[in-house]
Amino acid sequence: MLLGENSPAIAEGRAFGVQTLSGTGGLRVGAELLNKHLKYTTFYYSNPTWENHHLVFVNSGFTQPRTYRYWDAKNRAIDFSGMIEDLKNAPENSVIILHACAHNPTGIDPTQEQWEKIADVMEERKLFPFFDSAYQGFASGDLDRDAWAVRYFVKRGFELVCAQSYAKNFGLYNERVGNLTLVISDAAHVAPLRSQLTWIVRGSYSNPPAHGARVVANVLADPKLFDEWRDHIKLMSSRVIQMREALRAELIKLGTPGSWDHIVKQIGLFSYTGLTPRQSEHLIQAHHIYLLRSGRINICGLNPGNVAYVANAIHDAITKFPENE
């Protein structure tokens, strides 16, 4: 699912996975392996990122947390030049946390051309990629497209680690279903690496639960069920895209100040709306629309019945509390 049906890394025995406690468990186990056995101490995460990245890596033994620029608040887009500059200045053997798709929380992903440049810099600077894949299939509706970045890095010859979560795309949030995929250059290292990973798991939670994992395994192994599930995630992702378009259309119809194109350019479950903390607070207090002070909303909370109400509330917040006040 992650590396592709005809992946040379799988065929050559250079890729393997271990079941984990969802994506967070994959991050923790992978980080412990990199710190305890490979002596990595510096890690980079995007600014902003999912708030748990910092905590998980620090608790795994990393002592040098750093950030790379990612969100350009003024243009409501990726700060790509800032990201590249920060990666170029990263010390050798830094671990770089990369969102495989549907960047959380901004909803803005690099283009394929930008991913190629990121890979160029990481190869040149000898940086180690640690992908976090929490939304495969839920970003574009296409499993292959959402895995493009990871597969490209593998094709380029990188050794890498990727934490996979099935919480969102399988609707198994509380079952804690995850996988940690490792791709290495020499198949001879698979057995000892797997052994060390087993010891890390054994020393923390012993073994992961079976129920949710068997649901995922049965679906992925059965062609009929797999095709049915793939149709489901296409349906879900297309609904999210439709709600993005509907929200933008309502805001334009109202003449809400500012450009709202970023809402449809973003991808995945979340949107960095660009609303200020004061505007977000007004949505909560006056309209009972609950969102983060950063202006991040979950697009899945929108539906045809409430999108006009939300747009009117946003319009009210922006006109009452203009950004420059």
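No experiment lies behind these values; they were computed from the predicted model shown. (Residues numbered from 1 in each chain as written. Predicted model: local features only at pLDDT ≥ 70, side-chain atom pairs only at ≥ 80, totals over all residues. Heavy atoms only, no water.)

**Q** I would appreciate a short explanation of the nonpolar core in the present structure.
**A** Of all hydrophobic cores here, the largest spans 40 residues; its most connected members are Tyr135, Phe170, Trp229, Leu247, Leu251, Leu283 and Ile314. Elements with a minimum of two residues in this core: α9 (211-221), α10 (223-254), α12 (277-287) and α13 (307-320). In this structure Leu247 touches Ile263, Ile297, Leu302, Val307, Val310, Ala311 and Ile314, once residues within four positions along its chain are discounted. In this structure, Trp115, Leu127, Tyr152 and Cys162 belong to the second largest nonpolar core, which totals 35 residues. (Core = buried A, V, L, I, M, F, W, Y, C linked by side-chain atoms within 4.5 Å. Buried < 20%, exposed > 50% of the residue type's maximum accessible area, 1.4 Å probe, protein only. Helix = DSSP H or I, 4+ residues; strand = E, 2+ residues; numbered from the N terminus. Contact = heavy atoms within 4.5 Å.)

**Q** Just checking my understanding: could you explain α10 for this structure?
**A** Residue pairs spaced three or four apart in an α-helix point in one direction, given the helix's 3.6 residues per turn. For α10, with 32 residues, the first-to-last C-alpha span of 47 Å sits near the 46 Å given by 1.5 Å per residue. For α10, the full list of buried residues reads Phe226, Trp229, Ile233, Ser237, Val240, Met243, Arg244, Leu247, Glu250 and Leu251. In this fold, the buried residues of α10 make contact with α6 (143-146), α9, α11 (261-265), β10 (270-272), β11 (296-298) and α13. Measuring from the side-chain oxygen of the N-cap residue of α10 to the backbone nitrogen of Lys224 gives 2.9 Å; that N-cap residue is Asp222. (Expected span 1.5 Å × (residues − 1). Polar contact = N/O pair within 3.5 Å; in protein donor to acceptor, adjacent residues only side chain to side chain.)

**Q** Just checking my understanding: could you explain the packing of helix α2 (residues 22-37) against helix α8 (residues 190-202) for this structure?
**A** Close contact between α2 and α8 brings their axes to 10 Å; oriented N to C, the two are set at 115°. It follows that α2 is roughly perpendicular to α8 by the angle criterion. The chirality of how α2 crosses α8 is right-handed. On the side of α2, the interface is formed by Val29, Glu32, Leu33 and His37, while α8 contributes Leu193, Gln196, Leu197, Ile200 and Val201. (Axes fitted to C-alpha atoms, helices over the stretch in contact; angles between N-to-C directions. Parallel < 35°, antiparallel > 145°, perpendicular 65-115°, else oblique. Left-handed = near helix turned anticlockwise from the far one by under 90°.)

**Q** Looking at this structure, how should I read the UniProt feature "domain: Aminotransferase class I/classII large" (unreviewed entry) in the chain?
**A** Following the UniProt record, one finds the feature "domain: Aminotransferase class I/classII large" (unreviewed entry) at residues 4-314. For the annotated span residues 4-314, helix accounts for 46% and strand for 17% of the residues, and the straight-line distance between the end C-alpha atoms is 42 Å. (UniProt positions renumbered as here; feature names shortened; annotations may be inferred.)

**Q** What is the right way to look at the environment of Val56 in this model?
**A** Here Val56 shows up in helix α3 (residues 52-59). Taking the C-alpha atoms as reference, Val56 lies 9.4 Å from Glu32; in sequence the two are 24 residues apart. When near neighbours in sequence (up to four residues on either side) are disregarded, Val56 contacts Thr24, Leu27 and Arg28.

**Q** What exactly am I supposed to notice about helix α7 (residues 148-155) here?
**A** If you check which residues of α7 are buried, you get Ala149, Val150, Tyr152, Phe153 and Val154. Elements that come into contact with the buried residues of α7 comprise α1 (8-11), β6 (95-99), α5 (112-125), β7 (128-133), β8 (160-165) and β9 (177-183). One or two steps after α7, the chain reaches Gly157, where phi turns positive at roughly 100°.

**Q** Before we go on, may I ask you to explain the environment of Leu182 in this structure?
**A** In this structure, Leu182 sits in strand β9. For the pair Leu182 and His37, spaced 145 residues apart in sequence, the C-alpha to C-alpha distance is 14 Å. In this structure Leu182 touches Arg14, Ala15, Phe16, Leu33, Leu160, Val161, Leu193 and Leu197, once residues within four positions along its chain are discounted.

**Q** Would you mind showing me how to read the side chain of Arg296 here?
**A** Tracing the chain through its elements places Arg296 in strand β11. For the buried Arg296, no salt bridge exists, and the shortest N-O distance to an oppositely charged side chain is 5.7 Å, to Glu51. If near-sequence neighbours (up to four positions away) are discounted, Arg296 is found in contact with Asn104, Pro105, Phe270, Ser271, Tyr272 and Leu291. (Lys, Arg positive; Asp, Glu negative; His and termini not counted. Salt bridge = Lys/Arg side-chain N within 4 Å of Asp/Glu carboxyl O.)

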